[in-house]
Amino acid sequence: MPTRVIVPTIPGASFRLPPQLEGLRALAYNLYWAWHPRTRVIWSRIDRKTWNRHRNPIPVLAGPVDWSLLLDDTSFMAEVRELLRDFNRYLENGSDRWFVRHHASELPGPVAYFCAEYGLYESLGIYSGGLGVLAGDHMKTTSDMALPFIGVGLMYRRGYFHQTIDADGHQEHAYPDYDLSRLPVGRVQGRDGEPLKVTIALPGRDLQIAVWAVQVGRTPVILLDTDIPENDDADRPITHILYVRGREMRLHQELVLGVGGVRALRALGIDPAVWHLNEGHSAFLLAERAREFVATGVELDTAWDRVRRDSVFTIHTPVSAGNERFATDLVRQVAGPLLDGDGRAQTGGVPIDKVLEIGVGADGDPTQFDMTGFSLRLTNDANAVSQLHAATADTTWRGISPHPIRGVTNGIHVPSWMGNAMSETLAGELDADLDDLDEESDVGPFWNHLDTLSTAELWAAHQREKLELAIFARRRLRNQFARHGEAPTVLDAVESALDPDILTIGFARRFATYKRAGLLFSDLDRMARILWNEDRPVQVVFAGKAHPADRPGQQVIQEIFGRSRSELLRGRVFILEDYDMRIGRYLVAGVDVWLNNPRRPLEASGTSGMKAAMNGAVNVSVLDGWWDEGFVGDNGWAIGGREMNPDEGAQDWSDAQDLYRILEDDVVPRYYQRDADGLPTAWVDLMRRSMASTMWRFSTTRMLRDYVERMYLPAAEAARDTATAAASEAAERRNVSRAAIAANQGG
Ligand SMILES: *Cc1c(COP(=O)(O)O)cnc(C)c1O
């Protein structure tokens, strides 16, 4: 039975703690606190200012702190003792968890998961958006269900950009510069006790890669870093920036992730049973593993087969143009020596021409190396991230993929995304344990009992979340307005912005043009009438970044910003800067309606709507991505239908009309309809439906069960069969030769 993967680390910072509080060190260096809000309160109680500034406990504990006051505070000390007891129990008690109860004997080793980004918490800026947040939620859930697991990624010291918007609506980019000794990460210790380094050969030099780790509950994630003094100045920035723009640099990054990642696992003595490529960025791991087999004397074709057996792939982009590609000349030049052993393919390498041939894309262009095509051809199974996306992707990649692309619909890690007021209400009233959604209880899951929760209580919890959003957003908006030189009267007015009694619509996501963030403004007068209705007003909050290279996306920001400051809409439309996991948490918990109106079928899944739904917000969305399966008729609204007009302008206009109609005829009247006690009973019923219909189906708990049963276990089994077959073949060969020898001797 595989057990939890342990990766020994050397903490980034050294600081003293009072002996009675020494247990806090391990707690700080484990992102367990990222989904246990009570733990975060402890950091805030130790040093509120430092916690709020850094949103991570290392600077808090590193001090200076006046510990004597805290040591004398009996309620603080009792709380710490209780939290440490919960934390240690969480780490130790895997045996009652779903995976261990049902499947532990079927997986001979851990699953290794490769992804270019991880969204674990806002202060660990190694993610840009949906893919990273999904990967982070995946890690947390493997920990919750005690699935033996290890993540592999990159340690981006300059992460993803911080966004500000100037007074003209232009997006400005600023890249942070992380001090790793102030983050909850540690250098991985090699088996010799020294900080681990692995090496990959690049043309003319060896690139050294340092290995860091972040601990996510029971699950470690190792992070590769080229910014160390041993490397050439030109090589040190390889892992600095997420999805760096230059093609050659990006290729280097992906070689570090794929090849460096395999070598780091080997150096740690970790032998994965299954290799999961989350998106094609890590595809070189497949070539590296084939190279390993060849180096031990396995024939090349057999090596590809062996790699294929225990690897699985998740595709995240519905259109082929969205997939990562590199010019074959570039790959040959940069990766050739690394993979085919300096051109000495005969002596233990994979010929680069063969690699390039396997990586031809759906269009057959021989000058492009397609990371998705390469991954599909070399994996045991592949999945898309919603059922609709599976249909689209399967059509795109038919003929390339040796297996049909099936859907394993995304989910979210509920404890990470549920607002405190709501989760406390669910825990208090329905005994809900969000850490253990798949707990089997006599009364069935708590979300089937939401109707026993009184309307007044559910509404009060939601209104508390709305108020928290308003308080948070006002502070952010005041800073933004002050930076733009707005008048003191305007700054004063911000104090009453986002009144929680007003129906609030949220829209937050990357600003790419196909997401049509401006759809609400297709008919400005009609929109203004909806927003400014005297008895039944509506307000909208936007947030989102555009990729630094995406000019049209940046123009969308400018448009929204302009609207938010226009005479007509000012005071009802707001845009928050620097969308990240923190803003995301406030928004999904604190709005009434979550709006999503992409051009179908370009949204692979989308997960923000799931987060909103579980908090009781109601989705109003195009039937794209997850909503195509999530909408069940009575848990929100669908904009438009499933047929798309090839004339984009016409489609946009008709979707906008439908959106206005839904708001005017359905959403607004239902929201403002109050019963004798002044409660919006009909709306709260809808909130219950929204929560109950999504809590399980769109949780990462359900998603991980699907991954385990449909992807991981079959791959582990295929590998076992291959290994058994290979072993018996070898035995047969030995028998044959023994027989031959015997025959010889006999003769
Ligand atoms: C959830 C989340 C996303 C992904 O949501 P989409 O619906 O796919 O846009 C992106 N960014 C952040 C910060 C998130 O929390």
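(A) Representation of the overall build of the protein within the structure. When helices and strands are tallied, the protein shows 27 helices and 21 strands. The C-alpha atoms of the protein give 27 Å as radius of gyration, which agrees with the globular expectation for 747 residues (27 Å, within 12%). Dimensions of the protein along its principal axes, counting C-alpha atoms only, are 105 × 70 × 60 Å. Split into buried and exposed, the 747 residues of the protein put 60% on the buried side.

(B) Spotlight on the domain arrangement of the protein. Per the domain assignment, the segments making up the protein are domain 1 (9-92), domain 2 (98-411 + 714-725) and domain 3 (444-698). Relative to domain 2, the C-alpha centre of domain 1 lies at a distance of 33 Å. Taken residue by residue, the interface counts 23 residues in domain 1 and 24 residues in domain 2. Overall, the association of domain 1 and domain 2 removes approximately 1900 Å² of surface from exposure, summing both partners, and the carbon and sulfur fraction of that is 59%. Area buried by domain 1 at its contact with domain 2 is led by Ile10, Leu31 and Tyr90, which between them contribute 30% of it. The interface formed by domain 1 and domain 2 includes 1 salt bridge. A salt bridge links Glu122 to Arg55; the shortest N-O distance between them is 3.2 Å. Put simply, domain 1 and domain 2 have 13 residue pairs in polar contact (both at pLDDT 80 or more) between them. Sorting the residues of the side of domain 1 that touches domain 2 by element identifies β1 (9-11), α3 (48-54), α4 (57-62) and α6 (74-92) as the ones contributing at least two each. Here the side of domain 1 that touches domain 2 is built from residues that sort into 16 nonpolar, 5 polar and 2 charged.

(C) Spotlight on the environment of Asp436. Along the chain, Asp436 falls in the loop between α17 (420-430) and α18 (455-483). Residue Asp436 is classed as buried on the basis of its relative accessible area, which comes to 11%. As for Asp436 and Pro415, which are separated by 21 residues in sequence, their C-alpha atoms are 9.5 Å apart.

(D) Here's a closer look at the confidence of the model for the protein. For the protein, the mean per-residue pLDDT works out to 93, and 96% of the residues sit at or above 70. For the stretch residues 743-747, pLDDT sits under 50, and the model shows 0 contacts to residues farther than four places along the chain or on other chains.

(E) Quick peek at helix α9 (residues 247-267). The terminal C-alpha atoms of α9 lie 29 Å apart, and with 21 residues this matches the ideal 30 Å at 1.5 Å per residue to within 8%. The largest bend in α9 comes to about 35°, at Gly260. The buried fraction of α9 is high, at 16 of 21 residues. Note on α9: the residue one or two positions beyond its end, Gly269, has a positive phi of about 75°.

(F) Quick peek at the site of the ligand. In the neighbourhood of the ligand, the contacting residues comprise Gly129, Gly130, Val133, Trp417, Arg509, Tyr579, Asp580, Met581, Gly606, Thr607, Ser608 and Lys611. At a separation of 2.5 Å, an oxygen atom of the ligand approaches a polar side-chain atom of Ser608. Take Lys611: an N or O atom from its side chain is 2.6 Å from an oxygen atom of the ligand. In isolation the ligand exposes 380 Å². Once the protein is present, 93% of that is buried.

(G) Spatial organisation of the sheet that holds strand β18 (residues 573-576). The sheet built from 6 strands is open, its strands ordered β18-β17-β16-β19-β20-β21 with parallel pairing. Lying at the two open borders of the sheet, with one neighbouring strand each, are β18 and β21 (636-639). Taking each pair of neighbouring strands and ignoring which way they run, the sheet shows an average axis angle of 20°. Across 2 bridges, strand β16 (residues 503-508) lies against strand β19 (residues 593-596) in parallel orientation. Counterpart to Gly506 in the pairing with β19 is Trp594. Sheet strands touched by helix α20 (residues 524-531): β17 (538-543) and β18. Its angle to β17, the strand with the most contacts, is close to 115°.

(H) Fine view of a negative patch on the surface. Taken together, the side chains of Glu106, Glu709, Glu717 and Asp721 make up a negatively charged region of the molecular surface. For Asp721, the location among the structural elements is in helix α27 (residues 700-746). Judged by its relative accessible area of 49%, Asp721 falls in the partly exposed class.

(I) Region of the structure containing the packing of helix α2 (residues 37-46) against α6. Close contact between α2 and α6 brings their axes to 11 Å; oriented N to C, the two are set at 145°. The element α2 and its partner α6 pack so that their crossing is left-handed. Of α6, the residues touching α2 (which contributes Arg38, Thr39, Ile42, Arg45 and Ile46) are Ser75, Phe76, Glu79, Val80, Glu82 and Leu83.

(J) Region of interest: helix α25 (residues 648-672). Helix length check: α25 (25 residues) gives 34 Å between terminal C-alpha atoms against 36 Å at 1.5 Å per residue, within 8%. The sharpest bend along α25 reaches about 40° and sits at Leu663.

(K) Just unusual backbone geometry, in detail. Cis geometry is found at the peptide bond from Gly63 to Pro64, where omega equals 10°. By secondary structure assignment, the location of Pro64 is in the loop between α4 and α5 (67-71). Pro601 follows Arg600 through a cis peptide bond whose omega is 0°. Tracing the backbone shows Pro601 in the loop between β19 and α23 (608-614). For Tyr243, which is not glycine, the phi torsion reads 45° and is therefore positive. Among the structural elements, Tyr243 can be located in the loop between β9 (219-225) and α9. A residue is classified by how much of its surface remains accessible, and Tyr243, at 14% relative accessible area, is buried. Positive phi outside glycine occurs at Leu498, with the angle close to 55°. On the basis of relative accessible area, Leu498 is assigned to the buried category, the value being 5%.

Scoring rules and cut-offs
Residues numbered from 1 in each chain as written. Predicted model: local features only at pLDDT ≥ 70, side-chain atom pairs only at ≥ 80, totals over all residues. Heavy atoms only, no water. Helix = DSSP H or I, 4+ residues; strand = E, 2+ residues; numbered from the N terminus. Rg over C-alpha atoms; globule rule 2.2 N^0.38 Å. Buried < 20%, exposed > 50% of the residue type's maximum accessible area, 1.4 Å probe, protein only. Domains from an automatic or database assignment. Contact = heavy atoms within 4.5 Å. Buried area = accessible area lost by both parts, 1.4 Å probe. Salt bridge = Lys/Arg side-chain N within 4 Å of Asp/Glu carboxyl O. Polar contact = N/O pair within 3.5 Å; in protein donor to acceptor, adjacent residues only side chain to side chain. Nonpolar A, V, L, I, M, F, W, Y, C, P; charged D, E, K, R; others polar. pLDDT = per-residue confidence, 0-100. Expected span 1.5 Å × (residues − 1). Bend = angle between axes of the 7 residues up to and from the residue. Near = heavy atom within 4 Å. Areas by Shrake-Rupley, 256 points an atom, 1.4 Å probe, with all protein chains shown as cover. Pairing = 2+ DSSP bridges. Axes fitted to C-alpha atoms, helices over the stretch in contact; angles between N-to-C directions. Patch = residues over 30% accessible without salt bridge, like charges linked within 9 Å, V, L, I, M, F, W, Y side chains within 5 Å. Lys, Arg positive; Asp, Glu negative; His and termini not counted. Charge placed at Lys NZ, Arg CZ, Asp CG, Glu CD. Left-handed = near helix turned anticlockwise from the far one by under 90°.

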